[in-house]
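# Observations on the model geometry
The chain contents come next:
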Amino acid sequence: MSRQWTLPTASGQYVVSLLPDSSGLVLDHWGATIDDGVEPWSEPDRRDQYRLPADAAPLEFATAGQRHVGFSELLIDRGDSLTGAAWHCSDPDGSSVEVIRADGRTALAVSFEDERGELRLTLRVATDDLHDVVRRSIRLDNISDARTVTLPRAFSAGWALPVGQTATVRYLAGRWAEEFTPKSIDLDWGTFSIGSRAGVTGLAFSPVVSVASRLQGRENEAYGVALAWSGSWRLQAEATSSGDRVRVSCGLDDDTTTITLLPGETFDSPESLGTWSASGVEGVTQAWHTYQRSTLARSLDPYFRPIVYNSWFATEFDVRIEHQLQLAEIARQLDVEIFVVDDGWFAGRNDDTAGLGDWRPDPVKFPDGLRPLADQVIARGMRFGLWIEPEAVNADSDLFREHPNWVYRAEGRPLVTVRNQYVLDLGRDEVVDWVEQTFREVLSSAPITYIKWDMNRPVSDGGRPGDPHGRQWSLQHTAGYYRVLRTIREEFPHVVMETCGAGGGRVDNGSLALSDVFWPSDETGPRDRLAIQHGYLSAYPAYAMSSWITDDPGLRDRSAVSFEFRFVVAMAGALGVGADLLGWTPDQVKRAAELIALYRELRPVIHTGTVRRHGLPSDDTYAVEYASPADGSGRLVVLVYDHNRDRTRDRERVRVRPAGLVPTTRYSLRGTDLVVSGQSAATLGVVVPFALAVDADILVFDPVT
Ligand code: GLA
């Protein structure tokens, strides 16, 4: 008889058990593998009678009715005075519940029924030998014949993190052009909450936190929790006076989303991801990256992250074939791999007031369609790509004139406009069908192998008055978005998908599973961008971090940097070029071609290596290293950014200490005579030669054979 289940991860384990009364699952252990087994959690003797056992239990998932006082991940409204549910396991002694293991993957599903036999709750947990991420979600079935239930809150998971009663919570906050700013809070007893009500992941917060113990000597015990979801969401961390855990709960946003389950209907939650590390928040970062590289990326082949030229900064809406070809000609000299036309190519689009929705080439700009431009780009040795914003529509468009009822609107209220556009209701099947058909037509009209999918505004007045499921519009919208992404992947597998939401508004692990690369921010000023990339890399992978070199000085830190510094910023992920190439001097073009060639050589290390950030972008010297790439070369690359161009100081002192070298192996530093052991480099550091530029360098360490 099994009442406890162990799910192994790459370097630890996740252990849960059924409560003695079979009313729920509790987390017994999450961390390093314990060889001699783990005691199932049991209720301690309490002197304090003011606390109910369910409040202190480290429940995997709490429902109001099961838990009476503490926070619950699930609220149920049955339309009568009975709210919530009390569960009993469908298999009370747990004898038929087994962890399923196949191909290195482990999965557990435990089902419960409520006291009235109306609802079935299934808790799902999955792990994999390839990484340390635990994936969790719930399913709720309405098994009644006649009762409709609504769920004012239907989160994906509660994580009872064994860090002690308080913790340091680190998160990423921001706004347009300032995404992914690292923030932290020392959480004492109380609740901390972040989220999005925008119908998209949003620019304000990213759905991921790390939680580190504040207990003396245990600061390196850290956990990460994320929600793999691209719609409205909420994540909260709660530290209470009961128990010895900090609870992180997350799921669909409960301010704006109410799920309705008619008899026979099912709700499947998004996945929440959790990870554990014994090496602090840095270990959590690496655990996310390992998961993303090993599992979320469909491939790490450079085909899916080509070196892009995007003409947006050079032309904005003024898209003309001749002009685009002039840019393409220089892009060819740079040996860029794909030429992407951004906004402005489609019917009626000369500024942001018109055209969204009419996804056919503008008849004036492209009298013979896109093919002539695409063919000439391809003739220059590049691939061809396009920008699109399929969820948006301008009032001044044929689509809106034909289908004014396809947009989100609240009856009797004025339509809310942002950037002159409305949002299409992807909760309607006919709208999602239309979006899919639009992609089929666009992608078949020319040899297009790259799409930048944008979403430039939050949803307002989401919902469909009169529709019983109208209050779950955010869930439906995101399901529609995912459906289209899946269709494109299936029908056009050669098309690379870049996800953008007015910059980084759609960066999350849900989008990442179905796209290849993110546009993390519209900010391309080098020093501002570096700060954004630093935050981004704490939770998201380098391979998906699209980054262009442009001419833009930036919005905040406009301090002068070299041309090379700008390049090294853009090389930290998936390099692109977004500058007005017609304004570059021949020397700049030549230098850029050299740097792009260097990047192409180093790309496998940057995309598949272990990322470690050294210091902060605001420090005098900041560096990002990439170690142990998948190609087995043992190569390590360090990108160095120097903020202090005052060369009267002692340049010998600028050192980096790469941590990912094998201590006993000797390495040569490219371009120098230096041969150094991994241990020496990590301990004493290596002097940065600044061979590339006065304020930036690229160090390449190769094992000496
Ligand atoms: C958004 C994107 C930009 C660009 C413009 C085009 O702002 O983030 O990169 O594509 O839209 O309108």
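Conventions used here
Residues numbered from 1 in each chain as written. Predicted model: local features only at pLDDT ≥ 70, side-chain atom pairs only at ≥ 80, totals over all residues. Heavy atoms only, no water. Helix = DSSP H or I, 4+ residues; strand = E, 2+ residues; numbered from the N terminus. Contact = heavy atoms within 4.5 Å. Near = heavy atom within 4 Å. Polar contact = N/O pair within 3.5 Å; in protein donor to acceptor, adjacent residues only side chain to side chain. Nonpolar A, V, L, I, M, F, W, Y, C, P; charged D, E, K, R; others polar. Domains from an automatic or database assignment. Buried area = accessible area lost by both parts, 1.4 Å probe. Expected span 1.5 Å × (residues − 1). Buried < 20%, exposed > 50% of the residue type's maximum accessible area, 1.4 Å probe, protein only. Pairing = 2+ DSSP bridges. Right-handed = clockwise from strand over helix to strand, strands pointing away. Phe/Tyr/Trp six-rings, centres within 6.5 Å; stacked < 30°, edge-to-face > 60°. Arc of directions from axis to C-beta. Axes fitted to C-alpha atoms, helices over the stretch in contact; angles between N-to-C directions. Salt bridge = Lys/Arg side-chain N within 4 Å of Asp/Glu carboxyl O. Parallel < 35°, antiparallel > 145°, perpendicular 65-115°, else oblique. Left-handed = near helix turned anticlockwise from the far one by under 90°.

## Observations regarding the environment of Ile307
Mapping Ile307 onto the fold places it in the loop between α2 (280–296) and β21 (308–310). C-alpha separation for the pair Ile307 and Gly576, spaced 269 residues apart in sequence, amounts to 5.2 Å. In this structure, Ile307 is in contact with Val336, Glu337, Ile338, Leu575, Ile596, Tyr599, Arg600 and Arg603, ignoring residues within four places of it in sequence.

## Quick look at the environment of Thr181
Its place among the elements puts Thr181 in strand β12 (residues 181–187). It is 16 Å that separates the C-alpha atoms of Thr181 and Ser193, two residues lying 12 residues apart in sequence. In contact with Thr181, other than residues within four places in its own chain, are Tyr171, Leu172, Ala173 and Gly174.

## Some points on the site of the ligand
For the ligand, the set of nearby residues contains 13 residues, the closest of which are Asp342, Asp343, Arg419, Lys452 and Asp522. Contacts to the ligand include Lys452, whose side-chain N or O atom sits 2.7 Å from an oxygen atom. Within the side chain of Asp454, an N or O atom sits 3.0 Å from an oxygen atom of the ligand. The residue makeup of the shell around the ligand, split by class, is five nonpolar, two polar and six charged.

## Digging into the domain arrangement of the chain
Domain parsing of the chain yields domain 1 (4–296) and domain 2 (306–519). Placing the centre of domain 1 and that of domain 2 at their C-alpha centroids yields a distance of 35 Å. In this assembly, 31 residues from domain 1 lie in contact with 27 residues from domain 2. With both chains or domains summed, domain 1 and domain 2 bury close to 2300 Å², and 56% of this area falls on carbon and sulfur atoms. The largest contributions to the domain 1 side of the interface with domain 2 come from Trp229, Ser230 and Leu296, which together make up 24% of the buried area. Viewed at the interface, domain 2 and domain 1 are joined by 16 residue pairs in polar contact (both at pLDDT 80 or more). For the side of domain 1 that touches domain 2, the secondary-structure elements that each account for two or more residues are β14 (205–213), β15 (222–228), β18 (259–261) and α2. Broken down by class, the residue content of the side of domain 1 that touches domain 2 amounts to 15 nonpolar, 13 polar and three charged.

## Focus on helix α10 (residues 526–537)
Along its 12 residues, α10 runs 16 Å from first to last C-alpha, staying within 8% of the 16 Å computed at 1.5 Å per residue. The buried fraction of α10 amounts to 11 of the 12 residues, a majority that puts the element mostly inside the structure. Among the residues of α10, those classed as buried are Pro526, Arg527, Asp528, Arg529, Leu530, Ile532, Gln533, His534, Gly535, Tyr536 and Leu537.

## A few points about the pairing of strand β30 (residues 574–577)
Of the two faces of β30, the one holding Ala574 and Gly576 and the one holding Leu575 and Val577 are both buried throughout. Bridge count for β21 against β30 is two bridges, and the pairing is parallel. The residue of β30 that forms the bridge with Val308 is Gly576. Strand direction decides the pairing type here: strand β29 (residues 546–549) and β30, joined by four bridges, are parallel. Residue pairing for β30: Trp548 is matched across the bridge by Gly576. What joins β29 to β30 is helix α11 (residues 563–570), and the crossover it makes is right-handed.

## Looking at the packing of aromatic side chains
This model, assessed by the stated rule, comprises 33 aromatic pairs. Seen in terms of ring centroids, Phe313 and Trp548 are 6.0 Å apart; in terms of plane orientation they differ by 85 degrees. Their pairing is edge-to-face. Linking Phe313 in helix α3 (residues 312–315) with Trp548 in strand β29, this pair joins segments that are 235 residues apart in sequence. By relative accessible area, Phe313 is classed as partly exposed at 30%. For the pair Trp453 and Tyr481, a centre-to-centre distance of 5.1 Å together with 80 degrees between the ring planes defines the contact as edge-to-face. You can see Trp453 sitting in strand β26 (residues 450–453) and its partner Tyr481 sitting in helix α8 (residues 473–491), a full 28 residues away along the chain. The exposure class of Trp453 is buried, given its relative accessible area of 1%. Take Tyr481: its relative accessible area is 0%, and that puts it in the buried class.

## Here's the deal with helix α5 (residues 371–379)
Among the residues making up α5, those that are buried are Leu373, Ala374 and Val377. An end-on view of α5 places all buried positions within 100 degrees of arc, on one side of the element. Along its buried surface, α5 packs onto α4 (321–334), β22 (338–341) and β23 (383–388). In the stretch just after α5, Gly381 is the one whose phi turns positive, near 85 degrees.

## Some thoughts on unusual backbone geometry
At Asp103, a residue that is not glycine, the phi angle is positive and equals roughly 50 degrees. With respect to the element layout, Asp103 can be found in the loop between β6 (100–102) and β7 (105–114). By relative accessible area, Asp103 is classed as exposed at 72%. A positive phi angle is found at Asn420, which is not glycine, with a value near 60 degrees.

## Regarding the sheet that holds strand β31 (residues 610–614)
Pairing in this open sheet of six strands is antiparallel, and the strands run β31-β32-β33-β38-β35-β36 from one edge to the other. At either margin of the open sheet sits one strand with a lone partner, and together these are β31 and β36 (675–677). Direction aside, neighbouring strands of the sheet carry axes that sit 25 degrees apart on average. Examined bridge by bridge, strand β33 (residues 636–642) and strand β38 (residues 696–703) share six bridges and lie antiparallel to one another. Along β38, the bridge assignment pairs Val638 with Leu699. Strands in contact with α11 are β33 and β38; relative to β33, the strand with the most contacts, it is inclined by about 130 degrees. In the packing of helix α12 (residues 586–608) onto the sheet, the strands contacted are β31, β32 (621–627), β33 and β38, and the crossing angle to β38 comes to about 70 degrees.

## So, the pattern of salt bridges
Tallying each qualifying case throughout the model produces 55 salt bridges. A salt bridge links Asp244 to Arg245, with the shortest nitrogen-to-oxygen separation between them at 3.4 Å. A residue is classified by how much of its surface remains accessible, and Arg245, at 15% relative accessible area, is buried.

## Quick look at the packing of α4 against α5
It is at 10 Å that the axes of α4 and α5 come closest, and there the two elements cross at 15 degrees. Relative to α5, α4 is oriented roughly parallel. For the crossing formed where α4 meets α5, the hand is right-handed. Contacts from Ile321, Gln324, Leu325 and Ala328 in α4 reach Leu373, Gln376 and Val377 in α5. Of the residues contributing to the contact of α4 with α5, the split by class is five nonpolar, two polar and no charged.

## Describing the sheet that holds strand β1 (residues 4–8)
Reading across the sheet, the three strands line up as β1-β2-β3 and stay open at both edges, with antiparallel pairing between neighbours. Looking at which strands have only one partner, the edges of the open sheet turn out to be β1 and β3 (25–31). The average undirected angle you get between the axes of adjacent strands in this sheet is 20 degrees. Sheet topology places β1 next to strand β2 (residues 13–18); five bridges connect them, and they run antiparallel. Directly across from Thr6, in β2, lies its bridge partner Val15.

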